[in-house]
Amino acid sequence: MTWVAGADGCRGGWIVVLLNRRKGRPPAWQVRLCPTFEEVLILSPRPSVIAVDMPIGLSDRPEPGGRRCDREARRLLGPRASSIFSPPSRSLLFATSYAQVRWKGLSVQAFGILPKIREVDRLMTPSLQRLVYESHPELAFAALAGRPLRFNKKTPQGRRERLHVLALAQGKLFHGIGGIARQELSRFPRTQVMPDDLLDATVLTLTALRIANGTATRVPADPPLDRKGLRQEIWY
């Protein structure tokens, strides 16, 4: 069986949803909580593609509006553009307090996940980008719905909207997602995994499946490389 995975950073580490789309049979699902990104990379069953909601490929210095892929993703998302934040430049990667980066264009939200960005950047190599692809849940949901979603993912309306969009996916990939999500969330304390973490990781499995099938899209179409040779791109 060929598996794909969607991974989203959460308080407990990384919530990962594994999906196998089996011909003529219901999809197979597994949900894992990995304390480190290194454990995401050695998952078993081993996915052929991992779509992760975390910046890959960083600029050497701060750029207005972030990387080119960030700016293009915002244009695609319109009213949900604020969900795309500008990641830190590599020169800010090892900041330990927000006071160090407050005047250098880094948002509080981006600073909050700086440890996870460092974790990914430490492990990523150009060859590993054949397995791990930067993605974004809001772009994935917009591709699935045919439009940017209306509500913030952390609100009750936003969770219902996302569950509804997932339930309507072609091929019944996410059939019964409401019950599955409740069951899986019951396994983890809210101090580790929030409902939006699981929904984000779930929709990223669709992006991973599209990448594996050769039907995914990325911005920009001709991504630049960072100093480590990593492509600066976002897939959906």
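Our structure is the block above this text.
Residues numbered from 1 in each chain as written. Predicted model: local features only at pLDDT ≥ 70, side-chain atom pairs only at ≥ 80, totals over all residues. Heavy atoms only, no water.

S.K.: Would you take a moment to explain the overall build of the chain for this structure?
M.R.: Assigned secondary structure in the chain consists of 8 helices and 7 strands. Since a compact globule built from 236 residues should have a radius of gyration of about 18 Å, the 17 Å found for the chain is in line with a globular shape. Taken along its principal axes, the extent of the C-alpha atoms in the chain is 50 × 35 × 35 Å. Burial status across the chain gives 52% buried among its 236 residues. Counting only contacts in the chain whose residues sit at least 6 apart along the sequence, the fraction spanning at least 24 positions is 64%. When the accessible surface of the chain is totalled, it reaches about 11300 Å², and 53% of it is carbon and sulfur. (Helix = DSSP H or I, 4+ residues; strand = E, 2+ residues; numbered from the N terminus. Rg over C-alpha atoms; globule rule 2.2 N^0.38 Å. Buried < 20%, exposed > 50% of the residue type's maximum accessible area, 1.4 Å probe, protein only. Contact = heavy atoms within 4.5 Å. Areas by Shrake-Rupley, 256 points an atom, 1.4 Å probe, with all protein chains shown as cover.)

S.K.: Mind showing me how you'd approach the pattern of salt bridges here?
M.R.: Two side chains with opposite charge may pair up if their charged atoms get near one another. If you walk through the whole model with that rule in mind, you get 18 salt bridges. Across the pair Glu-63 and Arg-71 runs a salt bridge whose closest N-O atoms are separated by 3.9 Å. With relative accessibility at 36%, the residue Glu-63 sits in the partly exposed group. A relative accessible area of 29% places Arg-71 in the partly exposed class. For the salt bridge of Arg-68 with Glu-72, the shortest nitrogen-to-oxygen distance reads 3.1 Å. Separated by 4 residues within a single helix, Arg-68 and Glu-72 lie in helix α2 (residues 68-77), roughly one turn from each other. (Salt bridge = Lys/Arg side-chain N within 4 Å of Asp/Glu carboxyl O.)

S.K.: Mind showing me how you'd approach the side chain of Gln-232 here?
M.R.: Here Gln-232 lies in the loop between β6 (218-219) and β7 (234-235). Take Gln-232: its relative accessible area is 7%, and that puts it in the buried class. Only 3.2 Å separates the side chain of Gln-232 from the backbone oxygen of Leu-58, close enough to count as a polar contact. With near-sequence residues (within four places) excluded, Gln-232 lies in contact with Ile-56, Gly-57, Leu-58, Ser-59, Arg-67, Cys-69, Val-219, Pro-220, Pro-223, Pro-224 and Asp-226. (Polar contact = N/O pair within 3.5 Å; in protein donor to acceptor, adjacent residues only side chain to side chain.)

S.K.: Looking at this model, I keep getting lost on the state of the cysteines. Mind explaining?
M.R.: Under the definition given, this model contains 0 disulfides. No disulfide involves Cys-10; its sulfur sits 9.2 Å from the nearest other cysteine sulfur, which is in Cys-34. (Disulfide = S-S within 2.5 Å.)

S.K.: How should I be thinking about the packing of aromatic side chains in this particular structure?
M.R.: Think of a pair of aromatic rings as described by two things: how far the centres are apart, and how the planes are tilted against each other in angle. Per the stated rule, a full pass over the model turns up 4 aromatic pairs. The interplanar angle of 55° and the centroid separation of 4.9 Å between the aromatic rings of Trp-14 and Phe-37 together place this pair among those described as tilted. Remark: Phe-37 occurs in helix α1 (residues 37-41) and Trp-14 occurs in strand β2 (residues 13-20); sequence separation between them is 23 residues. Among the residues examined, Trp-14 registers a relative accessible area of 0% and is labelled buried. Each ring, one from Tyr-133 and one from Trp-235, has its centre 5.6 Å from the other, and the planes form 85°; the classification is edge-to-face. With Tyr-133 in strand β5 (residues 132-134) and Trp-235 in strand β7, the pair connects residues that are 102 residues apart, well separated along the chain. For the pair formed by Tyr-133 and Trp-235, the shared burial category is buried. The ring centre of Trp-14 lies 5.8 Å from the NZ or CZ of Lys-116, which sits over that ring. (Phe/Tyr/Trp six-rings, centres within 6.5 Å; stacked < 30°, edge-to-face > 60°. Lys NZ or Arg CZ within 6 Å of the ring centre and 35° of its normal.)

S.K.: When you look at the environment of Thr-96 in this model, what are you seeing that I'm missing?
M.R.: By the element assignment, Thr-96 lies in the loop between α2 and α3 (108-112). For Thr-96, a relative accessible area of 69% translates into the label exposed. As for Thr-96 and Leu-139, which are separated by 43 residues in sequence, their C-alpha atoms are 30 Å apart.

S.K.: Where do I start with the sheet that holds strand β1 (residues 3-10) in this structure?
M.R.: Two modes of strand pairing occur in sheets, parallel and antiparallel, and in both the strands are linked by backbone hydrogen bonds. Here 5 strands make up an open sheet; going across it, the order is β3-β2-β1-β4-β5 and the pairing mixed. At either margin of the open sheet sits one strand with a lone partner, and together these are β3 (28-34) and β5. Taking the axes of each pair of neighbouring strands and ignoring which way they run, one obtains an average angle of 20° across the sheet. Sheet topology places β1 next to strand β4 (residues 47-53); 6 bridges connect them, and they run parallel. Across the sheet, the residue bridging to Gly-6 is Ala-51, located in β4. (Pairing = 2+ DSSP bridges. Axes fitted to C-alpha atoms, helices over the stretch in contact; angles between N-to-C directions.)

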